[in-house]
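Next come the chains, spelled out residue by residue.
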Amino acid sequence: MSNPNATFGELRDLALNKLDTWRSGGGRKAAMINSGHFVKDFGYSFPAKNITKKLMIDWQLMLEDTGICDDTINKKTSAVSTVLKFAYDMEVIDFQVPRFKRRKNKFEPKRKFYTKEQVELIAKIAYQEYGNQPLGDITLAAAYSGMRQGELLKLKVKDVDLTFNQFHLGDRPDNTTKPGKYRSVPIHRRIKDLIAERIENKGPNDYLFKDDWKSRHSLTRSFKNIIQRYLNFDEGYCFHCLRHSFGHFGVEGDISMRKIQKMMGHANINTTLRYADTSDKSLQDAIDRI
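Definitions and limits used
Numbering of residues starts from 1 in each chain and follows the order in which that chain's sequence is written. Under the rules for a predicted model, residues below a pLDDT of 70 receive no local features and side-chain atom pairs below 80 are neither given nor counted, while totals for whole chains, interfaces and linings still include all residues. Neither water nor hydrogens contribute to the side-chain values; these are computed over all heavy atoms in the structure. When a carboxyl oxygen of Asp or Glu is within 4 Å of a side-chain nitrogen of Lys or Arg, the pair counts as a salt bridge. Put simply, DSSP marks the helices as runs of H or I at least four residues long and the strands as runs of E at least two long, and each gets a number from the N terminus on. Think of it in three bands: with a 1.4 Å probe and only protein chains considered, a residue is buried below 20% of the maximum accessible area for its type, exposed above 50%, and partly exposed in between. Comment: axis = line fitted to C-alpha atoms, over the contacting stretch for helices; angle = value between 0 and 180 degrees taken between N-to-C directions. Orientation labels follow simple angle bins: below 35 degrees gives roughly parallel, above 145 gives roughly antiparallel, 65 to 115 gives roughly perpendicular, and whatever is left gives oblique. For any helix crossing, the convention is left-handed if the near helix is rotated counterclockwise from the far helix by under a right angle, and right-handed if that rotation is clockwise. Note on contacts: a residue pair qualifies if any of its non-hydrogen atoms lie within 4.5 Å across the two residues. Classes in brief: Ala, Val, Leu, Ile, Met, Phe, Trp, Tyr, Cys and Pro nonpolar; Asp, Glu, Lys and Arg charged; the others, Gly included, polar. In this description, the term disulfide denotes a pair of cysteine sulfurs within 2.5 Å. Strands are treated as partners if at least two bridges between them are detected by DSSP. Nonpolar core, defined: a set of buried Ala, Val, Leu, Ile, Met, Phe, Trp, Tyr and Cys residues in which side-chain atoms within 4.5 Å join the residues together. For a helix, the expected span equals 1.5 Å multiplied by the number of residues minus one. Stacked, edge-to-face and tilted labels apply to pairs of Phe, Tyr and Trp rings (six-membered ring for Trp) whose centres lie within 6.5 Å, assigned for plane angles under 30 degrees, over 60, and everything in between, in that order. For a lysine, the NZ atom is tested; for an arginine, the CZ atom; a charge sits over a ring if that atom is within 6 Å of the ring centre and within 35 degrees of the ring normal.

A. Here's a closer look at the pattern of salt bridges. According to the stated counting rule, one finds nine salt bridges in the structure shown. The closest approach of N and O atoms between Asp 137 and Arg 198, which form a salt bridge, is 3.0 Å. With Asp 137 in helix α7 (residues 133–145) and Arg 198 in helix α9 (residues 189–199), the pair connects residues that are 61 residues apart, well separated along the chain. Accessibility classification places Asp 137 together with Arg 198 in one group, the buried group. Three or more residues are tied together by salt bridges with common partners; here these are Asp 137, Arg 198 and Asp 212.

B. Quick peek at the packing of α7 against helix α11 (residues 241–252). In the contact formed by α7 and α11, the axes pass within 6 Å of each other and the chain directions differ by 40°. Relative to α11, the element α7 is oriented oblique. Here α7 runs over α11; the crossing is right-handed. Packed against α7, whose contacting residues are Thr 139, Ala 142, Ala 143, Tyr 144 and Ser 145, the element α11 presents Leu 242, Phe 246 and Phe 249 at the interface. Split by residue class, the contact of α7 with α11 holds six nonpolar, two polar and no charged.

C. Representation of the state of the cysteines. Tallied over the entire structure, the rule returns zero disulfides. Left unpaired, Cys 241 is separated from the closest cysteine sulfur, that of Cys 238, by 4.0 Å.

D. Representation of the sheet that holds strand β1 (residues 160–161) within the structure. As summarised here, the arrangement of the three strands in space is β1-β2-β3, forming an open sheet in which the pairing is antiparallel. Looking at strand neighbours, the two that pair on one side only are β1 and β3 (183–186), the edges of this open sheet. Of the strand pairs in this sheet, strand β2 (residues 166–169) and β3 are connected by four bridges, and their pairing is antiparallel. By the bridge assignment for β3, Gln 166 is matched with Pro 186.

E. Seen up close, the nonpolar core. Ranked by internal contacts, the top residues of the largest apolar core, which has 41 residues, are Tyr 114, Ile 138, Phe 167, Ile 195 and Phe 209. Elements represented by at least two residues in this core include exactly α6 (116–128), α7, α8 (149–154), β2, α9, α10 (216–229) and α11. Setting aside residues no more than four positions away along its own chain, Phe 209 makes contact with Asp 137, Ile 138, Ala 141, Leu 152, Leu 153, Leu 155, Ile 195 and Arg 198. Residues Ala 48, Ile 68, Leu 84 and Phe 86 belong to the second largest nonpolar core, which totals 29 residues.

F. Focus on α10. With 14 residues, α10 ought to run about 20 Å at 1.5 Å a step, and its terminal C-alpha atoms sit 20 Å apart, in line with that. Within α10 the residues assigned to the buried category are Arg 216, His 217, Ser 218, Leu 219, Thr 220, Phe 223, Lys 224, Ile 226 and Ile 227.

G. Representation of the packing of aromatic side chains. Summed over all chains, the structure comprises 13 aromatic pairs. For the pair Phe 42 and Trp 59, a centre-to-centre distance of 6.3 Å together with 65° between the ring planes defines the contact as edge-to-face. Here Phe 42, found in helix α3 (residues 26–42), pairs with Trp 59, found in helix α4 (residues 53–65); they are 17 residues apart in sequence, far enough to count as distant. Since its relative accessible area comes to 23%, Phe 42 is described here as partly exposed. Of the residues examined, Trp 59 reaches a relative accessible area of 0% and is grouped as buried. Seen from their ring centres, Tyr 114 and Phe 233 are 5.3 Å apart, and the 90° between their planes marks the pair as edge-to-face. Of the two residues, Tyr 114 sits in the loop between α5 (70–89) and α6 while Phe 233 sits in the loop between α10 and α11, which places them 119 residues apart along the sequence. Assigned by exposure class, Tyr 114 and Phe 233 land together as buried. An aromatic cluster of at least three residues, connected via ring pairs, comprises Phe 8, Phe 38, Phe 42, Phe 46 and Trp 59. A cation over an aromatic ring shows up here: Lys 116 above the ring of Phe 249, its NZ or CZ 5.4 Å from the ring centre.

H. Spotlight on the side chain of His 217. Residue position: His 217 is located in helix α10. Since its relative accessible area comes to 11%, His 217 is described here as buried. Ignoring any residue separated from it by four or fewer positions in sequence, one finds His 217 in contact with Asp 41 and Met 62.

Purely spatial values, then, with no claim about function.
Printed below as a string of structure tokens:
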């Protein structure tokens, strides 16, 4: 018998417990991760009947804004579709599952980044034109630390060590990193005073940035509004490009790839090596030394 009030979380549990390819083996872990992302963003109790083509397109854009590539977005979209189709086959829902649009896979594009001058201009507009100090602060913090958006929003006062000039990431269950490993990030001189001001009069368990935003999506929307409205950056630029900028700054500063990898928390050095392709200056310096 169908359930018109079925939630996505309930249907996901059904698929994980009864769908052969999701019950065990290597497919289960990927299914849990990809379908779990929808639960994380919309909640366990989100009505399955409200998952429309428009909602999925908007969600795909949100995922893109956080730096997730098209191939991974397609996997997450496919996981949502699988949950709904299985529920339909099991007669738990009686509505026809929409055919969600998949994003076209492209060759690995050149990584987009902002120059230091552009980063400063974005922050200046946030401070002066928008009167939005939280946006200016987190823009600079992202560009000069290389932290992911999620890492910045999880950062608490106790993760900041101004004595030894470091951020500590991934050393608590509520402060995990994407690779799942601990790392320390040196505090750049450009943001040290900013960070010191932010932790002043706060307790050790208070967040540095998270409380300024209703959600990570409100942050990405505010940032995109500035770079598109005031600076005419194209759709490919987003908040995550601030992290790319940090990698680019490292290459421009002739920092070793291993050190950049360690600061950015890349599990694979090949990910770090992609930043070498963004720096025309480093190539020019190299040819000048021949």
